[in-house]
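Breakdown of the fold
In case you want the letters, here they are:
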Amino acid sequence: MIKPHADGGFSAAVSIRSGRGMASHDRVMRFVPRFDSQGAALRYAKAEGLAWVQAH
């Protein structure tokens, strides 16, 4: 996910859901770096999300 800012920059976040129904869990990670483009923000969020999944 990305969030545009008034200054033209972007923030990145990723949501990882696991489980089913009442046993589901959603982990949301919001990242500190600001990015100049939507693409850069999305690439960063994807890389961080995949790294977290591989580590857990």
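Refer to the structure presented above.
First, a word on scope: everything that follows refers to the structure included in this document.

Conventions and cut-offs
Residues numbered from 1 in each chain as written. Predicted model: local features only at pLDDT ≥ 70, side-chain atom pairs only at ≥ 80, totals over all residues. Heavy atoms only, no water. Phe/Tyr/Trp six-rings, centres within 6.5 Å; stacked < 30°, edge-to-face > 60°. Helix = DSSP H or I, 4+ residues; strand = E, 2+ residues; numbered from the N terminus. Pairing = 2+ DSSP bridges. Axes fitted to C-alpha atoms, helices over the stretch in contact; angles between N-to-C directions. Contact = heavy atoms within 4.5 Å. Core = buried A, V, L, I, M, F, W, Y, C linked by side-chain atoms within 4.5 Å. Buried < 20%, exposed > 50% of the residue type's maximum accessible area, 1.4 Å probe, protein only.

Turning to the packing of aromatic side chains, a few remarks are in order. The full count for this structure, using the stated rule, is two aromatic pairs. Considering the side-chain rings of Phe-31 and Tyr-44, the 5.3 Å spacing of their centres and the 85° angle between planes classify their relative orientation as edge-to-face. Here Phe-31 is found in the loop between strand E3 (25-30) and helix H1 (38-55), whereas its partner Tyr-44 is found in helix H1, with 13 residues between them in sequence. Summarising the aromatic geometry, the rings of Phe-35 and Tyr-44 are spaced 5.1 Å apart at their centres and angled 45° between planes, so their arrangement reads as tilted. An aromatic cluster is present here, built from Phe-31, Phe-35 and Tyr-44 joined pairwise through their rings.

Pairing is antiparallel across the open sheet formed by three strands, whose spatial order is E1-E2-E3. Only two strands of the sheet have a single neighbouring strand rather than two, namely strand E1 (2-4) and E3. Each strand axis lies, on average, 20° off the axis of its neighbour in the sheet, ignoring direction. Sheet topology note: the strand E2 (residues 10-18)/E3 ladder contains six bridges and is antiparallel. The residue of E3 that forms the bridge with Ile-16 is Arg-27. Sitting on the sheet, H1 is in contact with E1, E2 and E3, with an inclination near 30° to E2.

Counting nine residues, the largest nonpolar core is built from Phe-10, Ala-12, Val-14, Ile-16, Met-29, Phe-31, Phe-35, Ala-41 and Ala-45. When residues of this core are traced back to their parent elements, those giving at least two are E2 and H1. Of the residues forming this core, the biggest block, four residues, is contributed by E2. For Met-29, the residues in contact, after removing those within four places along its chain, are Ala-12, Ala-13, Val-14, Ile-16 and Trp-52.

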